[in-house]
Each structure stands twice: as C-alpha cells, then as structure tokens.
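# Secondary and tertiary structure notes
Below, each chain spelled out in residue letters.
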Amino acid sequence: MPPTITTQPPRFATAEAVARIAAASRRTQQPQSRGDLVSLAMGEPDFDTPHLVTEAAHASLRAGRTHYSPLLGEPALREALAEKLTGLAGTAVSAADILVTQGGTAGLAASILGIVNPGDKVVIPDPTYSLYADLVSMAGGTVAPVPLAPDLHWDLDRLADALTGARLFVFCNPSNPTGIVHSREELEALAELLDTTSTIVISDEAYSDLDYTGRPFTSAISLDGLRDRTVYCQTFSKSYAMTGWRVGYLWGPSALIQASARIHNTFNGSVNTFVQDAALAAVRSCAEDVARMREAYEQRRDIMRTELAAIPGLTLSSPEGAFYQFPRYDLDLPSVEVVAALRAHGVAVRPGSEFGAQGEGHLRLSYAASAQAITEGVRRLAEGLSALR
C-alpha cells in the first residue's frame, strides 16, 4: 500500500496580521541611483541636511546628550512645535498633546493602530500613499478606497457615500503620488460631510512646505470643522531633507494622542535625544533652507514636465505640491511590467498600481532628484517606452 501522506501545520506559524499585510500590500522596494541606473523612484530629497541641523546634532553629542529621552519627546522641542502649530491652527496648541515619533511612518502607525479596531471601516483616497492600507490591514480594519475625480482631487459625491459609517478617513495633503494640493474649499466640504459624525481624520501633511499653488496652504487643523476630530501627522524628512534622521510628530485630540503614545512607546520607545536637538534647530533656524529647497523643487518640476511633454503617449498630471509627477501612459501593459522594462533601460520609477487600483496605467516619478538626473532619467524613460511600442 502507498504510504499515507498527511499535511502537518507549520511548526512555527506567524501572526495573522502578517498575512493580512502581505495580502493587502502594494508596496515595492525601489533602488537608489547607482552607476548604471538613474532613480526617479525615491521620494527622498537629494539635498544634504541643513548645516545648522547637523551642527546641532554634533553639539548635542559632545554635550553627552546620549541618554533616554522622555517618552513623549524632549520638552523644548514639543514647546517649539506647539508654538509653530498654534500659528497654523489659529488656536492655542498645548505641548502636552504633541508626541515626537520615529519619523512620519511611526506616527502614522501609532495613530492608526491607536484608532482602528478589527472590522472598522477606514476610507482612503485611491490612489494614495500605500502605507495607509498596510497599517489598516495590520490593525484588522477594512479599507474602503475611493476613486479620485479626473483632475485627481476628491470626488466629493463618492467620498460622501464611502464615509457613511467610517471610523477613520486618512489622506495626505499635498498628495503622494499625485502632487495635487487640496484647497480650503475641498477641506471645508470634507468638514461638512463629517459634521455630526464620529469619524476621525488623519491628515498627513508631510509635504505641506512644498506647495507651488501661489495660495496659502490650508492645513486640516486650521478649520474649525476639522480640528477637533483630526490627528495631524508631520515629519522632518521632506521639508528639512532629514529622511535618515527618523523624526516626526503627531498632534490632535488629547485622548487620541495618548492612545498613539501608548502604541508608539510600546513598539518604538522615545526618539534619540540628539536627533530631537537637531530637529529643534531645524524648527528654530532653517526657514531659509526650506524656502531654498522648495524653490529648487519647483524648478525641477518644470524641467521634468517639459521633458515628459515631449514623450508620445503620456498624459501629464498637474502637480501643485510635493515632488511627484503622475503621468498616464497609453500602453496596454500593467504598470509593474512597464516599470520592469524601464529598469532594463537604466531608469527606475514607481508603478502607479502601488498606490491603489485606480493608479494602474500611471507611473510615479520623483523630481526630488537633481536636474541632471531628471533630464537623463526622462531620456531613458522615453527610450524605454518607445521600445515597448
């Protein structure tokens, strides 16, 4: 008789959360530029961190600031951030309600895991930053993606339907990957949709200093109809070219920040003391550096748009902020296949499908790279797309 074959469960099983993330995640690791590859895939400034920030870190280390920090963050940094947000919100902001986090990523994780219960409905735009859906899946929530309007702003009718019964709405402004900037009118419309509901908002404003519209940027926390239900998530990575420093912060309703702090302190602990001292220098002293980099990004946006406009079959977006272009291509191929083919031509970009089902047929290009890299990268992109025809 043939032997009996039995299927044994794996000896070491992983948590169900891992499988939920793996099933939902669209995130892909993209390379940095190297000798044979120009990367327009990385959402990372190519500028060095401002000198005053680096010097503050050196001084902090020399002063022996190498011990544990308070779990909520250094008091001086939290006070400076409270002062900054008081001006942004138009009302008094308490340092007691600010949590310093291990970058914007940890802030998003702490806030989402502190809000979402298994089965909760969480609304996100489609396309949008892919980390949101991964974190909702980790928490056991249900993601409800809402397709954008043709101009890549919110489709308010669809959004109104989706928000019914939602625990949470998460969005970024300016937007990754589209580069659009949500106007005061859009945010006021959102506030009206949520009036009388218990839906919480997370406003990820990582790119708020990179707004090229010519009108004042409108933060969600500046609106009376949103402020009391919004967790504001910010990072030093983009504005100050501090991606590798891993420092960000949250502010919002006290109970939600306390919940986020409980989560963050459990899996992260406090942020490095000398890094917070460097962040304090950024807040106090680097406004001119931020303005200089913003001006350079705006120039690079125009360079990329001019170069892309010469490529047949591309429909360009109209980025108003951040540092991304999100063109649609006319090839009958999935974006992951297009990206793979372009890699063979020496240029890396991100597939639009990484950011949601509605991102399919698009590519995301970053103009945080140098002007030279943009010009050469788009040249290689043109060659690669031509070869696919």
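Here goes a summary of the coordinates provided. Fair warning: this is a prediction, and the values are worked out from it, not measured in the lab. (Residues numbered from 1 in each chain as written. Predicted model: local features only at pLDDT ≥ 70, side-chain atom pairs only at ≥ 80, totals over all residues. Heavy atoms only, no water.)

### Here's the deal with the overall build of the protein
- The number of helices and strands found in the protein is 13 helices and 14 strands.
- A compact globule built from 389 residues should have a C-alpha radius of gyration of about 21 Å, and the protein, at 22 Å, falls within 12% of that.
- On the principal axes, the C-alpha backbone points of the protein span a range of 70 × 60 × 45 Å.
- When the accessible surface of the protein is summed, it comes to about 17100 Å², and 52% of that surface belongs to carbon and sulfur atoms.
- Positive and negative side-chain charges of the protein, numbering 32 and 43 respectively, have mean locations separated by a distance of 5 Å. (Helix = DSSP H or I, 4+ residues; strand = E, 2+ residues; numbered from the N terminus. Rg over C-alpha atoms; globule rule 2.2 N^0.38 Å. Areas by Shrake-Rupley, 256 points an atom, 1.4 Å probe, with all protein chains shown as cover. Lys, Arg positive; Asp, Glu negative; His and termini not counted. Charge placed at Lys NZ, Arg CZ, Asp CG, Glu CD.)

### With respect to the state of the cysteines
- Following the criterion strictly, the structure yields 0 disulfides and no others.
- Free cysteine: C172, not disulfide-bonded; nearest cysteine sulfur from C233 at 11 Å.
- Given a relative accessible area of 4%, C172 falls into the buried group.
- For C233, a relative accessible area of 1% corresponds to the buried category. (Disulfide = S-S within 2.5 Å. Buried < 20%, exposed > 50% of the residue type's maximum accessible area, 1.4 Å probe, protein only.)

### A few points about helix α11 (residues 287-309)
- Taking 1.5 Å as the rise per residue, α11 with 23 residues should run 33 Å; its terminal C-alpha atoms sit 33 Å apart, in good agreement.
- Those residues of α11 that sit buried are D289, V290, M293, A296, Y297, R300, R301, M304 and L308.
- The inward-facing, buried residues of α11 contact α10 (273-285), β9 (314-315), β10 (324-325), β14 (363-366) and α13 (371-387). (Expected span 1.5 Å × (residues − 1). Contact = heavy atoms within 4.5 Å.)

### Some points on the sheet that holds strand β3 (residues 121-126)
- Strand order in this open sheet of 7 strands is β2-β8-β7-β6-β5-β3-β4, and the pairing throughout is mixed. The open sheet is flanked by β2 (98-101) and β4 (142-147), the only strands paired with a single partner. When the angles between neighbouring strand axes are averaged without regard to direction, this sheet yields 20°.
- Taken together, the 4 bridges between strand β7 (residues 230-235) and strand β8 (residues 248-251) define a ladder with antiparallel strand orientation. Bridged to T235 within β8 is G248.
- Strand contacts of helix α6 (residues 156-163): β3, β4 and β5 (168-172), with the helix running at about 165° to β3, the strand carrying the most contacts. (Pairing = 2+ DSSP bridges. Axes fitted to C-alpha atoms, helices over the stretch in contact; angles between N-to-C directions.)

### What to know about the pairing of β7
- For β7, the buried fraction is high: 6 of the 6 residues fall into the buried class.
- In β7, alternate side chains face the same way, and those of T230, Y232 and Q234 on one face and V231, C233 and T235 on the other are all buried.
- Bridge count between strand β6 (residues 200-204) and β7: 4 bridges; the pairing is parallel. Paired with I202 across the strands is V231, a residue of β7.

### Brief notes about the environment of D224
- Within the secondary structure, D224 sits in helix α8 (residues 224-227).
- D224 sits in the exposed class, given a relative accessible area of 62%.
- Between the alpha carbons of D224 and Q325 there is a distance of 32 Å; along the sequence they are 101 residues apart.
- Reaching out from D224, the side chain makes a polar contact with the side chain of R227 at a distance of 3.1 Å. (Polar contact = N/O pair within 3.5 Å; in protein donor to acceptor, adjacent residues only side chain to side chain.)

### What to know about the nonpolar core
- In terms of nonpolar packing, the biggest core is built from 33 residues, with L40, L363 and L381 touching the most fellow members.
- At the level of secondary structure, the elements contributing two or more residues to this core comprise α11, α12 (335-344), β14 and α13.
- For this core, the element with the most residues is α13, which contributes 5 residues.
- By size, the runner-up hydrophobic cluster in this structure holds 29 residues, among which are W251, A279, L280 and A282. (Core = buried A, V, L, I, M, F, W, Y, C linked by side-chain atoms within 4.5 Å.)

### Some thoughts on the side chain of S239
- Considering the arrangement of structural elements, one finds S239 in the loop between β7 and β8.
- Among the polar contacts listed, one links the side chain of S239 to the side chain of D209, at a separation of 2.7 Å.
- Excluding its chain neighbours within four sequence positions, the residues that come into contact with S239 are A206, D209, V290 and M293.

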